Amino acid sequence: NAGVTQTPKFQVLKTGQSMTLQCAQDMNHEYMSWYRQDPGMGLRLIHYSVGAGITDQGEVPNGYNVSRSTTEDFPLRLLSAAPSQTSVYFCASRKANTEAFFGQGTRLTVV
Amino acid sequence: GESVGLHLPTLSVQEGDNSIINCAYSNSASDYFIWYKQESGKGPQFIIDIRSNMDKRQGQRVTVLLNKTVKHLSLQIAATQPGDSAVYFCAESYTNAGKSTFGDGTTLTVKP
């Protein structure tokens, strides 16, 4: 199993550009989440999903969209990138009431 | 609202000593707690978990203690090694919740 795979690992965007961060898991986990981690900070939840076709907002959803068309994939879309979205983004998946498995992260810089 | 916080942002210990990392949570409905370790440049990795029907759970060199009365969680690392140097996060959730709430993390530094 590859676990949770995030692409790309690094990305530089200009203000106003849009892009999609990809996340895929091969563990048949129902739950998937996106977090952002700013320097010296913890993980803040952006969006999450409890199954295909179901998504919900987390703590900091503004400026981000998600969809969950399959169990395996949970892409995160930045609609119009802003410097405040410079961060490291982590995708995680898990089964209900168990620990999460995290990807290696996407380091995003918006200039 | 839900919040999970850590008492100390940094902890420095001597190699071979025991380490204790603390965590406070505020959601009394939380019944599942997890500790994660994050090494530099990597995603968090699961260390140990505990459910609210337990007070203590032991793993290899790690023990998690849960005090539901004061909503407090701790991670004890025995015989701390340089490889234990990382940021440690606690997280809390409740049955069938789609999300977990993370604390801000404690940076553990192990001095040789």
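Our subject is the structure that appears above.
Residues numbered from 1 in each chain as written. Chains lettered and ligands numbered in written order. Predicted model: local features only at pLDDT ≥ 70, side-chain atom pairs only at ≥ 80, totals over all residues. Heavy atoms only, no water.

J.: Whenever I open this one, the overall build of chain A confuses me. Can you help?
T.: A tally of helices and strands in chain A yields zero helices and eleven strands. Secondary structure elements of chain A, listed N to C terminal, follow the sequence β-β-β-β-β-β-β-β-β-β-β. Whereas a compact globule of 111 residues would reach a radius of gyration of roughly 13 Å, chain A reaches 13 Å, a difference of no more than 12%. Taking all 111 residues of chain A together, the buried fraction comes to 48%. (Helix = DSSP H or I, 4+ residues; strand = E, 2+ residues; numbered from the N terminus. Rg over C-alpha atoms; globule rule 2.2 N^0.38 Å. Buried < 20%, exposed > 50% of the residue type's maximum accessible area, 1.4 Å probe, protein only.)

J.: Please clarify how the sheet that holds strand E1 (residues 4–7) of chain A should be interpreted in this entry.
T.: Either a parallel or an antiparallel arrangement is found when strands of a sheet pair, and the pairing is made through backbone hydrogen bonds. Residue and element names in this part refer to chain A. With respect to topology, four strands assemble into an open sheet ordered E1-E3-E8-E7, the strand pairing being antiparallel. Of all the strands in the sheet, just E1 and strand E7 (64–66) have a single pairing partner and so form its edges. Looking at each pair of strands side by side, their axes are set apart by 20° on average, direction ignored. Across three bridges, strand E3 (residues 19–25) lies against strand E8 (residues 76–78) in antiparallel orientation. Paired with methionine 19 across the two strands is leucine 78, which belongs to E8. (Pairing = 2+ DSSP bridges. Axes fitted to C-alpha atoms, helices over the stretch in contact; angles between N-to-C directions.)

J.: How should I be thinking about unusual backbone geometry in this particular structure?
T.: The general pattern is negative phi for most residues beyond glycine and trans for most peptide bonds. Residue and element names in this part refer to chain A. Cis geometry marks the peptide bond from threonine 7 to proline 8; its omega dihedral reads -5°. For proline 8, the position within the fold is in the loop between E1 and strand E2 (10–13). A positive phi angle, near 60°, is found at asparagine 97, a position not held by glycine. Of note, asparagine 97 is situated in the loop between strand E9 (87–94) and strand E10 (101–102).

J.: How should I be thinking about the interface of chain B and chain A in this particular structure?
T.: Note on interface size: it is often stated as the accessible area lost on association of the parts. Counting residues at the interface gives 23 residues for chain B and 20 residues for chain A. Summed over both sides, the interface of chain B with chain A buries roughly 1,700 Å², with 50% coming from carbon and sulfur. There are zero salt bridges connecting chain B and chain A. One can count six residue pairs in polar contact (both at pLDDT 80 or more) joining chain B with chain A. Ranked by residues supplied to the side of chain B that touches chain A, first place goes to strand E4 (residues 32–38) of chain B with four residues. (Contact = heavy atoms within 4.5 Å. Buried area = accessible area lost by both parts, 1.4 Å probe. Salt bridge = Lys/Arg side-chain N within 4 Å of Asp/Glu carboxyl O. Polar contact = N/O pair within 3.5 Å; in protein donor to acceptor, adjacent residues only side chain to side chain.)

J.: Which parts of the structure should I look at to understand the environment of cysteine 90 of chain B?
T.: Residue position: cysteine 90 of chain B is located in strand E9 (residues 86–93). Along the sequence, cysteine 90 of chain B and isoleucine 34 of chain B sit 56 residues apart, while their C-alpha atoms lie 5.7 Å from each other.

J.: Where do I start with the pattern of salt bridges in this structure?
T.: Think of it this way: side chains of opposite charge can pair up when their charged atoms draw near. Residues and elements named next belong to chain B. For the structure on display, the rule yields seven salt bridges over all chains. The salt bridge partner of lysine 68 is aspartate 55, with a shortest N-O separation of 3.3 Å. Highlighted residues: lysine 68 in the loop between strand E7 (62–67) and strand E8 (72–77) and aspartate 55 in the loop between strand E5 (45–51) and strand E6 (56–58), separated in sequence by 13 residues.

J.: Help me understand the packing of aromatic side chains, please; the structure alone is not making it clear to me.
T.: Aromatic ring pairs are defined here through the distance separating the ring centres and the angle between the ring planes. According to the stated counting rule, one finds eight aromatic pairs over all chains in the structure shown. Here tyrosine 35 of chain A and phenylalanine 102 of chain A contribute two aromatic rings whose centre-to-centre distance is 5.9 Å and whose plane-to-plane angle is 45°, an arrangement assigned as tilted. Placement of tyrosine 35 of chain A in strand E4 (residues 31–37) and of phenylalanine 102 of chain A in strand E10 is noted, with a sequence separation of 67 residues between them. Like tyrosine 35 of chain A, the residue phenylalanine 102 of chain A is buried in the burial classification. Considering the side-chain rings of tyrosine 25 of chain B and phenylalanine 33 of chain B, the 4.5 Å spacing of their centres and the 50° angle between planes classify their relative orientation as tilted. The ring of phenylalanine 74 of chain A carries arginine 68 of chain A above its face, with NZ or CZ at 6.0 Å from the centroid. (Phe/Tyr/Trp six-rings, centres within 6.5 Å; stacked < 30°, edge-to-face > 60°. Lys NZ or Arg CZ within 6 Å of the ring centre and 35° of its normal.)

J.: How should I be thinking about empty space enclosed by the protein in this particular structure?
T.: Sizing a probe to match a water molecule and rolling it over the atoms shows the empty space that remains. Residue and element names in this part refer to chain A. One pass over the full model with this rule turns up two cavities of 30 Å³ or more. In this structure, the largest cavity encloses a volume near 70 Å³. As for the largest cavity, its lining consists of 13 residues, and the residues nearest its centre are Ser33, Tyr35, Ala92, Arg94 and Ala100. Every element with two or more residues in the lining of the largest cavity is listed here: E4 and E9. No other element matches the four residues that E4 contributes to the lining of the largest cavity. (1 Å grid on protein atoms, 1.4 Å probe; cavity = no way out; pocket = protein on both sides within 12 Å on 5 of 7 lines; lining within 4 Å. Points joined across faces, edges and corners; volume = space filled by probe spheres on them.)

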